[in-house]
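# Overview (structure and organization)
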Amino acid sequence: MLGWHLETADRVDIPVSFNPGSNSMVADLQELPATIHSASWVAPTSYLGDKVSSYGGYLTYQAKSFGLPGDMVLLEKKPDVQLTGQHMSIIYEETNTPRPDRLHHGRVHVVEGNFRHASSRAPVSREELMTVLSRLADVRIQGLYFTETQRLTLSEVGLEEASDTGSGRIALAVEICACPPAYAGDSCQGCSPGYYRDHKGLYTGRCVPCNCNGHSNQCQDGSGICVNCQHNTAGEHCERCQEGYYGNAVHGSCRACPCPHTNSFATGCVVNGGDVRCSCKAGYTGTQCERCAPGYFGNPQKFGGSCQPCSCNSNGQLGSCHPLTGDCINQEPKDSSPAEECDDCDSCVMTLLNDLATMGEQLRLVKSQLQGLSASAGLLEQMRHMETQAKDLRNQLLNYRSAISNHGSKIEGLERELTDLNQEFETLQEKAQVNSRKAQTLNNNVNRATQSAKELDVKIKNVIRNVHILLKQISGTDGEGNNVPSGDFSREWAEAQRMMRELRNRNFGKHLREAEADKRESQLLLNRIRTWQKTHQGENNGLANSIRDSLNEYEAKLSDLRARLQEAAAQAKQANGLNQENERALGAIQRQVKEINSLQSDFTKYLTTADSSLLQTNIALQLMEKSQKEYEKLAASLNEARQELSDKVRELSRSAGKTSLVEEAEKHARSLQELAKQLEEIKRNASGDELVRCAVDAATAYENILNAIKAAEDAANRAASASESALQTVIKEDLPRKAKTLSSNSDKLLNEAKMTQKKLKQEVSPALNNLQQTLNIVTVQKEVIDTNLTTLRDGLHGIQRGDIDAMISSAKSMVRKANDITDEVLDGLNPIQTDVERIKDTYGRTQNEDFKKALTDADNSVNKLTNKLPDLWRKIESINQQLLPLGNISDNMDRIRELIQQARDAASKVAVPMRFNGKSGVEVRLPNDLEDLKGYTSLSLFLQRPNSRENGGTENMFVMYLGNKDASRDYIGMAVVDGQLTCVYNLGDREAELQVDQILTKSETKEAVMDRVKFQRIYQFARLNYTKGATSSKPETPGVYDMDGRNSNTLLNLDPENVVFYVGGYPPDFKLPSRLSFPPYKGCIELDDLNENVLSLYNFKKTFNLNTTEVEPCRRRKEESDKNYFEGTGYARVPTQPHAPIPTFGQTIQTTVDRGLLFFAENGDRFISLNIEDGKLMVRYKLNSELPKERGVGDAINNGRDHSIQIKIGKLQKRMWINVDVQNTIIDGEVFDFSTYYLGGIPIAIRERFNISTPAFRGCMKNLKKTSGVVRLNDTVGVTKKCSEDWKLVRSASFSRGGQLSFTDLGLPPTDHLQASFGFQTFQPSGILLDHQTWTRNLQVTLEDGYIELSTSDSGGPIFKSPQTYMDGLLHYVSVISDNSGLRLLIDDQLLRNSKRLKHISSSRQSLRLGGSNFEGCISNVFVQRLSLSPEVLDLTSNSLKRDVSLGGCSLNKPPFLMLLKGSTRFNKTKTFRINQLLQDTPVASPRSVKVWQDACSPLPKTQANHGALQFGDIPTSHLLFKLPQELLKPRSQFAVDMQTTSSRGLVFHTGTKNSFMALYLSKGRLVFALGTDGKKLRIKSKEKCNDGKWHTVVFGHDGEKGRLVVDGLRAREGSLPGNSTISIRAPVYLGSPPSGKPKSLPTNSFVGCLKNFQLDSKPLYTPSSSFGVSSCLGGPLEKGIYFSEEGGHVVLAHSVLLGPEFKLVFSIRPRSLTGILIHIGSQPGKHLCVYLEAGKVTASMDSGAGGTSTSVTPKQSLCDGQWHSVAVTIKQHILHLELDTDSSYTAGQIPFPPASTQEPLHLGGAPANLTTLRIPVWKSFFGCLRNIHVNHIPVPVTEALEVQGPVSLNGCPDQ
């Protein structure tokens, strides 16, 4: 099933996914716009192509529409199946309609009777069906049948095909034809070899011969271009010779250029007689490329010889090596003076001068010959004589060739004899070695026998000595003369006798004789072998010399033959010239014959055309009869629908009584808008100093504000109630369902009219041209009818008037009149039918004039029909005018909500201080997003105290409280204590307090001077900025106070149900915390902003004791700003000046976000949208009926600076200009009129209508202008009249999969005193969240299967792992803290502690990275403790580099697969640490600069690399090992993998043991799935072979005793184990061939091919536990070298090298990434040579143990040019020299080497993992190709690898 996809009617793809469990494709339609009513499943290529053998078979499928059956309404009938091929579409419609939420089984019999043409609905003939099947280009199955469909599935699609090997029923309907010579196939649907398909003519065209000049029998259909030209030819018709060949490809053959011999080293040549001029390849020179060019060496004249580049210090420069041997020539510069003479020119220069002189003489000779040439009779006679000589020479050449063939056969015989002799010699040598080994064994045995004899002799001597001692003992003394006891003597005597008897019984003579005999035989055998070897060696040497002499003689004869062949070729070429002239004359005659034949065929075609016209006329008559019947049916259907329409409209009229509620809601909405305008006017009056003249006016204004707020709240409540009532009425009356039914019936009627119109339009024959033109006019008018009917249908949705009965009566009369006109239409068609019948009867005997008369009568009838249609148009238009709706309910409700939001937004923007009298207070409405306040809280406000006589001496007052109603929990509060401001905050365990050391300002109320307070909390830290007299003309310098709460918690946890924000006062039943328990405030307070959002005291929920008649408001000085701050949540609506000749719109913007909508205008379905995308300006527009277009405008503008944008529209010029700063963009097209445009965003209704996903703009705008002058923003939502000081701060970022955001130069502290905190949101189970890196160590916070893990590079595993998962899409906060008490991890303030302390590492060269691996989501509120700065939130635009990251917002979409899959969502394991992987591999960014990563080169071409695919089979046991958790291997496990191979046998997959296993392997090219347990086995084999070199998707698995195999989703094969046996799979799982543990019945070796996309139960398995003999799968041609893939890997060579004072390393690279280790030599810390890439710079670093040095070369051009680059590292006389191509650098210094150094291993592409103390800034593995490694001028073989780690290919590099 893989490959099926879902498309809308506009060919727009709908995302789908594959469910292996049900083998079905699934599409989620919940986000699909309601306007889409058609979607079809489209087949992959495996179902297309030549399907003639499917005729008579069945197309089967299963489909299901998921949803709530009660809400699902059947859409209009559409074809169930559509087949397209050969520019023809046919359809099939089922009689049974699918039911909602039920599985539908489709079964289509592929015969002509079941199909109709898609355009005309005419029946399909068998010829037409076979035409479509012969080249089936598209198969579509209807997917969307119902409205409100939530999900669609398609499964088990099968298309039967007949074949000789099929096992089903006999295909009786499939024909086998005897085809003409030019055709092939069962139904002659294909062309024979040597023919191609010419698409001209009927059906599929005809097969015509290929024109390949006899050099190929294959050519492309349609074009006739030849394929696979033979005989050394090339071109579209094999008309020219290949490169390196010459001759005439059209009339002869192509021969290899003699440059110098048949082994051509030329790209082309010119042969004129014996004169040959060659165009040599690189590295060759000479007239016949017979010698090597400077910088190359070799002997091209010798067979098998070639020229190779010199491998010397000068990299192949002139004279760098000997031209034959390649020995390097020392050309060090010599000291010289001007007086010295110049050196003589070398031989190459002289040779070149001689060649030029020779060429000049030959040119003069040719010129004189051409001048004297004349076409005389003698010349012709001479040419005939030359032709005769050429024939004779040809015969001699043939005889000579036969003689050469005889010599060749003799030489082949000699070669065979030599081969036989070599084999005999090798056999004898093997026998000699065997005998030598036997003799050596015998000699060893003799030596052992001799040794045994010597040991025996020693023992005998010891026995004799003991006997002497015994004799002495017999005499009564021991060996020392002492007397011995008699008992001991008898005992010793008995023992001696026993030993003597044993010695006498032993006989050693036999052993001695056998040993001597063996020794003599071995010696004789060894002598014979040596003699025989010497004798035969001499004979072999003599025979080899003889053969060598014969070969030399043969080569000399071939040279003579070659010279004669060249002479013969020159003469033959002259003869060919004459033959070509004769052929041209003959060709002219043949062309004249073809012209005559063509004229004859034209006459035949004219006759055929006449017959065809008659046939088409008959068809048109039949269609007219069908059209008449269908019009009659349409009239009957219209009568039935008229009564049903009346009933439906009557039901809708019941809702007319509810219009009063909507009118009331609209009235309240208008009052809200008026109140909002009053608030804005009052604000301006209160803000202007000259407008406030007395305190009484101010008090009245203050009271008006409060009354306006209350009235707005009441009006909003009444509007909401009215809206709810209207909504309940809609639900109760079930108006949507009734409207849907009415709409469906109207659609059916409309479709029937459309179908009839299409038949009339498409089936009229081209022969009736005049009639066709008239019918086109009818078609246009019928489309107008369709449009009016659609308008009528839409109007029925919004009927809200009481005079419906009258309108229905009028509609009935109009319908009756329409029926009458329809009858007139049918009457008008009758004359057409009569005339056509008359034409049919009399065509054979009437003249051409009669035929024209019939056509004229038909034209008159159609004109009569056309004249009747305008009356119908006018009547339908009258109905539309009467039924014009007043606006539907949903639009009114949206407008009400918008007005309510505008009122609340206006209240939030009222920047007027509120005066509190010591008893009053307010509860302010908080923003909805409380989660953002958890980690970061920024609150700004203004305070003022009245002077002493007004205040009454109060020094302690409550200011504000933000927190939970339970004051013992988390909160932030402020109070005035002893006249000074005190700030307190509590994060759950303790309070933190700070008191300002300045006295709060006192001032007059009428001219209040206020202090500004800005409180910022980032996790447990806080900062307070206090500006005394901030609103005065000379404010004081702000004071900064830092606070550390010493809290164990880090978050402000606010309960949304219980959170309150009290300012100035509090309700009497509320208990304040002890540090805030003071009387209410007395003075003026003004709120400024909360987390960058403007906040006002007038946007309150409640008030306490607030009496505006007694308390006057404050008035303060304000600086008016021309800036408008767009919060990123709303928009501004601006009216335009009508009828302006050149409308102009301008503004200046400042922003730091990556995405935002700036300008939008629309009219109907046309629009202009100016957006910020990825930091750059992008204009999207739709000016006409074409699809929307887009164009980039200017450079990046999200740097926080001013950027001027101007839009000009020239209506006369039909052009639009967009100016950004100094750059200008012009868009051609007629721009539509619009009365309103939007700035900074658009309403939700417009966003949904145009499907716009760009978020609202966040930033500042000023200098707003339009055609009529300056723009005042009065109609706004989410817009403030000023820009706060923090608006540029960017605290959040959205990460695409794999996106990364990195920071450098942050000034981080040592790692043992560190805190890093952040918030994140994601639906992904795995990825990197935070990576803190140093030179040698890093710390990572990652997601693993949804669990949060904290690890370090030296921990060997996770230090912390969370007890629960965090991939729910909610905002979670993480803090990592390292201090003297150890390491702590807090997740949403849940503590995980570890006593382990991080090692102290200095603060230099530290960096921070957010995101990475597979993380996709949002990260916000990042805090990192820094040395030189106070605690503050990290600005994500500062010192950062980003890749696939969008700054300034969070765009989090739930992935569709989470709605389809159940259970574990483990997809990927985060890879192991790569220290300094990215941050230290890139240059440092400038402050406040955000750049896109430039570390990687451009991607490889698609034909050269298979991304993620791995190559198996380089060694017999290559495999990947996956150690999966046992819980993943369920009783119902299903695996899937994509495979590409040409191998016929080999193991692909294996898991289990010898007794219980599951395996997938190849056998004779077919896939076999095998299960086995307890001796019982099951094998399932694929029907088709899979070793065709193409990619195939294989799904296999088991369900207990059952097994299943699916290949490419077409045919599923199943089977069961015998005896109901079950199998349970256990880890590990192998791809490829495991080294042991598999049954003997399975293949021993791994298959040879590629695998990718390995999955278990639809979950990708990316990271194997181990890899052996597996490399990257490379496509396309390969060249010599080692390829290191992007995943990382390196090679350890078996060749070791010695680092010493004289050392040279040379190699070539072609990188795909600009950072990575190239070559590393050394295995011990402090002793190494390392060459690496760092951000495009090549560096050589040397360390000998006593000190190190390094040198670098920065190339002038990027190394990403796809070319090979030479790198040379030389150590000589304590100088380290590095050379890159022609650039070089060196570093002089003492590089001591120990006197006795050891051989060091050679590492390619990476460094050893155990060298953790290696002092280099790069640890990343190399990505690219490497070759030609030389150490001390000796090539190093790379194929002899000692160890290969990671996906590295030793077989070659992809050719670029």
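Every value quoted in this text rests on a predicted model; they were computed, and no experiment measured them.

## Observations regarding the sheet that holds strand β38 (residues 1059-1063)
On the basis of which strands lie adjacent, the open sheet formed by seven strands has the order β33-β32-β31-β30-β38-β28-β41 and antiparallel pairing. Each of the sheet's edge strands pairs with one partner strand only, and the pair in question is β33 (991-999) and β41 (1100-1104). The sheet shows a mean angle of 20° between the axes of neighbouring strands, taken without regard to direction. One ladder, built from five bridges, connects strand β30 (residues 957-964) with β38; its direction is antiparallel. Considered in β38, the bridge of L962 is made with F1061.

## A short note on the nonpolar core
Grouped together as the largest cluster of nonpolar side chains are 48 residues, with contacts concentrated most on F1061 and V1063. Among the elements that take part in this core, β30 stands out by supplying four residues, more than any other. Residues I90, V124, L154 and V1595 belong to the second largest nonpolar core, which totals 43 residues.

## Quick notes on the state of the cysteines
Taken as a whole and assessed by the stated rule, the structure comprises 15 disulfides. Paired by a disulfide, C210 and C219 hold their sulfur atoms 1.9 Å apart. Since a negative S-S torsion denotes a left-handed disulfide, the C210-C219 link at about -70° is left-handed. One disulfide in the model links C1084 with C1114; its S-S distance is 1.1 Å. Here C1084 is found in strand β39 (residues 1082-1090), whereas its partner C1114 is found in the loop between β41 and β42 (1124-1135), with 30 residues between them in sequence. Note on accessibility: C1084 and C1114 belong to one class, buried. Free cysteine C177: the closest other cysteine sulfur is in C188, separated by 4.8 Å.

## Description of the packing of aromatic side chains
Under the definition given, this model contains 34 aromatic pairs. Plain terms: the ring middles of Y1019 and Y1373 are 6.0 Å apart, the flat faces sit at 75° to each other, and that makes the pair edge-to-face. With Y1019 in the loop between β35 (1011-1018) and β36 (1021-1027) and Y1373 in strand β61 (residues 1372-1379), the pair connects residues that are 354 residues apart, well separated along the chain. Each member of the pair, Y1019 as well as Y1373, carries the same accessibility label: buried. An aromatic cluster is built from F1522, F1535, F1549, F1569, F1596 and F1654, whose rings are joined through pairwise contacts. Between the NZ or CZ atom of K1361 and the centre of the ring of Y1347, over which it lies, the distance is 4.9 Å.

## Notes on the side chain of T1144
Note that T1144 resides in strand β43 (residues 1144-1150). At 3.2 Å, the side chain of T1144 and the backbone oxygen of I1142 are in polar contact. In this structure, T1144 is in contact with Q1206, I1207, K1208, K1265, K1266 and T1267, ignoring residues within four places of it in sequence.

## Concerning a nonpolar patch on the surface
The grouping of I460, I464 and F508 at the surface amounts to a nonpolar patch, some 230 Å² of accessible area in total. Position of I464 among the secondary structure elements: in helix α3 (residues 377-474). For I464, a relative accessible area of 44% puts it in the partly exposed group.

## Some details on the pairing of strand β5 (residues 39-42)
Residues A39 and W41 line one face of β5 and the alternating positions S40 and V42 line the opposite face, and both faces are buried. As paired strands, strand β1 (residues 5-8) and β5 are joined by four bridges and run antiparallel to one another. Bridged to H5 within β5 is V42. Summarising the sheet, β5 and strand β11 (residues 136-142) pair through three bridges and their orientation is antiparallel. When the bridges of β11 are listed, W41 appears paired with I141.

## With respect to the confidence of the model for the protein chain
Considering every residue of the protein chain, the mean pLDDT works out to 76; 72% of them sit at 70 or more. The low-confidence segment residues 334-341, where pLDDT is below 50, has one contact with residues more than four positions distant or belonging to other chains. Long-range and interchain partners of residues 653-658, a stretch whose pLDDT sits below 50, account for seven contacts in this model, where long-range means more than four residues apart.

## What about the sheet that holds strand β74 (residues 1576-1581)?
Two orientations exist for strands paired in a sheet by backbone hydrogen bonds: parallel and antiparallel. Across the sheet, seven strands lie side by side as β74-β73-β72-β71-β78-β69-β81; this open sheet has antiparallel pairing. Of all the strands in the sheet, just β74 and β81 (1666-1668) have a single pairing partner and so form its edges. The average undirected angle you get between the axes of adjacent strands in this sheet is 15°. Bridge count for strand β69 (residues 1519-1522) against strand β78 (residues 1629-1632) is four bridges, and the pairing is antiparallel. The residue bridging H1519 from the neighbouring strand is G1632, located in β78.

Rules and cut-offs
Residues numbered from 1 in each chain as written. Predicted model: local features only at pLDDT ≥ 70, side-chain atom pairs only at ≥ 80, totals over all residues. Heavy atoms only, no water. Pairing = 2+ DSSP bridges. Helix = DSSP H or I, 4+ residues; strand = E, 2+ residues; numbered from the N terminus. Axes fitted to C-alpha atoms, helices over the stretch in contact; angles between N-to-C directions. Core = buried A, V, L, I, M, F, W, Y, C linked by side-chain atoms within 4.5 Å. Buried < 20%, exposed > 50% of the residue type's maximum accessible area, 1.4 Å probe, protein only. Disulfide = S-S within 2.5 Å. Phe/Tyr/Trp six-rings, centres within 6.5 Å; stacked < 30°, edge-to-face > 60°. Lys NZ or Arg CZ within 6 Å of the ring centre and 35° of its normal. Polar contact = N/O pair within 3.5 Å; in protein donor to acceptor, adjacent residues only side chain to side chain. Contact = heavy atoms within 4.5 Å. Patch = residues over 30% accessible without salt bridge, like charges linked within 9 Å, V, L, I, M, F, W, Y side chains within 5 Å. Areas by Shrake-Rupley, 256 points an atom, 1.4 Å probe, with all protein chains shown as cover. Salt bridge = Lys/Arg side-chain N within 4 Å of Asp/Glu carboxyl O. pLDDT = per-residue confidence, 0-100.

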